Amino acid sequence: MDKINFSNHNYFGNNSLMDKASLQIPVENAYSLLFYEKESLAQRIIHQLKYNHREKIGKVLAKWITERIDFRNHKPDLLVTVPLHYKKLKQRGYNQLHLFGNELSKHYQIPVNHTLLKRIKHSRAQAKKNQTERLKTKNAYQLTENINDKHILLIDDVYTTGNTMSNIAWEILRNSKNVKISILVMAMDV
Ligand SMILES: O=P(O)(O)OC[C@H]1O[C@H](OP(=O)(O)OP(=O)(O)O)[C@H](O)[C@@H]1O
């Protein structure tokens with residue numbers, strides 16, 4: 001039977017997500033639960049969550065995170081989920097990160113904000129683009145309110161080129177004062 005490939009990173013030392021992300025954004029900490037390989041069980045789980053109405057998988061993934069990640073003295077102040085464009089939200093019926101984020105918020109006792117960012121550009125899914133095309137999507141997200149003096153944990157499902165996270169992180173950093181950014185993903189591409 002196919003096994004789930006947990007990242008099992010050392011979250012407070014160097015890890016491969018931290019290494020990748022640090023090339024694009026100033027990042028405090030980086031957390032990835034799974035390795036996302038083509039045809040892997042991790043990929044199938046995330047596909048079910050996103051494209052097959054299995055929203056509750058978010059709850060299971062959150063539990064796996066809480067069993068493995070303890071923020072110690074690196075606890076963020078705010079959890080922020082990556083938003084969907086309203087057209088995609090309408091099509092999918094739910095944002096696959098909301099239940100996941102809510103569970104993490106409950107467990108870690110950290111507030112979650114699903115509306116701090118707004119997706120303003122509706123473009124083809126990153127998943128359907130190649131590496132070069134992925135990096136071209138710019139200014140797709142807008143901050144809806146000013147946010148200062150916070151350590152923000154940005155939450156997404158998959159990290160591939162990092163373009164999505166980097167666009168969002170820079171949008172926040174450009175418009176805020178004294179903000180630290182960490183990132184957490186269900187899975188990272190290897
Ligand atoms: O690191 P990157 O190269 O930016 O790729 C990661 C992004 O791509 C996926 O979204 P996608 O645009 O495919 O949307 P969808 O799967 O929700 O339709 C995924 O949900 C991440 O947000």
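All values derive from a computational prediction rather than experimental measurement.

Novice: Explain the pairing of strand β1 (residues 30–36) here, please?
Specialist: For a regular strand, the rule is simple: side chains alternate between the two faces of the sheet. The buried fraction of β1 amounts to seven of the seven residues, a majority that puts the element mostly inside the structure. Pairing between β1 and strand β7 (residues 179–189): six bridges, direction parallel. Bridging from a neighbouring strand, Leu-34 pairs with Ala-187 of β7.

Novice: Teacher, can you tell me more about unusual backbone geometry here?
Specialist: Glycine aside, negative phi is the norm for most residues, and most peptide bonds take the trans geometry. At Glu-39, a position not held by glycine, the phi torsion is positive, near 65°. Turning to its location among the elements, Glu-39 is positioned in the loop between β1 and α2 (41–51). Owing to a relative accessible area of 62%, Glu-39 belongs among the exposed residues under this scheme. For Arg-72, which is not a glycine, the phi torsion comes out positive at approximately 45°. Relative to the elements of secondary structure, Arg-72 occurs in the loop between α3 (57–68) and β2 (78–81). By relative accessible area, which is 57% here, Arg-72 ends up exposed.

Novice: Mind showing me how you'd approach the pattern of salt bridges here?
Specialist: Side-chain pairing between opposite charges can occur once the charged atoms of the two side chains come close. Applying the stated criterion across every chain, the model contains five salt bridges. Taking the shortest distance from any N to any O, the salt bridge between Asp-157 and Lys-50 comes out at 3.1 Å. Here Asp-157 is found in strand β6 (residues 150–159), whereas its partner Lys-50 is found in helix α2, with 107 residues between them in sequence. There is no split in this pair, since Asp-157 and Lys-50 are both buried. Here Glu-103 makes a salt bridge to Lys-106, at a shortest N to O gap of 3.1 Å. Here Lys-106 and Glu-103 lie together in helix α5 (residues 98–108), a separation of three residues that amounts to about one turn. Judged by its relative accessible area of 55%, Lys-106 is exposed. Where salt bridges share partners, they join Lys-63, Glu-67 and Arg-68 into one cluster.

Novice: Just to check I follow, could you spell out the UniProt feature "domain: Phosphoribosyltransferase" (unreviewed entry) in the protein for this structure?
Specialist: UniProt's entry tags residues 120–181 with the feature "domain: Phosphoribosyltransferase" (unreviewed entry), counted in the numbering of this structure. End-to-end, the C-alpha atoms of residues 120–181 are 21 Å apart, and along that stretch the chain is 29% helix and 26% strand.

Novice: It is not clear to me how the site of the ligand should be interpreted in this structure. Could you clarify?
Specialist: In the vicinity of the ligand lie 17 residues, with Tyr-51, Lys-88, Asp-157, Thr-161 and Thr-164 positioned nearest. A distance of 2.7 Å separates an oxygen atom of the ligand from a polar atom in the side chain of Lys-50. Here Gly-162 contributes a backbone N or O atom positioned 2.8 Å from an oxygen atom of the ligand. Contact with the protein chains removes 93% of the 500 Å² of surface that the ligand exposes when unbound. Secondary structure elements with two or more residues in the shell around the ligand: α2, α4 (86–92), β6 and α7 (163–174).

Reading the values: rules and limits
- Residues numbered from 1 in each chain as written.
- Predicted model: local features only at pLDDT ≥ 70, side-chain atom pairs only at ≥ 80, totals over all residues.
- Heavy atoms only, no water.
- Buried < 20%, exposed > 50% of the residue type's maximum accessible area, 1.4 Å probe, protein only.
- Helix = DSSP H or I, 4+ residues; strand = E, 2+ residues; numbered from the N terminus.
- Pairing = 2+ DSSP bridges.
- Salt bridge = Lys/Arg side-chain N within 4 Å of Asp/Glu carboxyl O.
- UniProt positions renumbered as here; feature names shortened; annotations may be inferred.
- Near = heavy atom within 4 Å.
- Polar contact = N/O pair within 3.5 Å; in protein donor to acceptor, adjacent residues only side chain to side chain.
- Areas by Shrake-Rupley, 256 points an atom, 1.4 Å probe, with all protein chains shown as cover.

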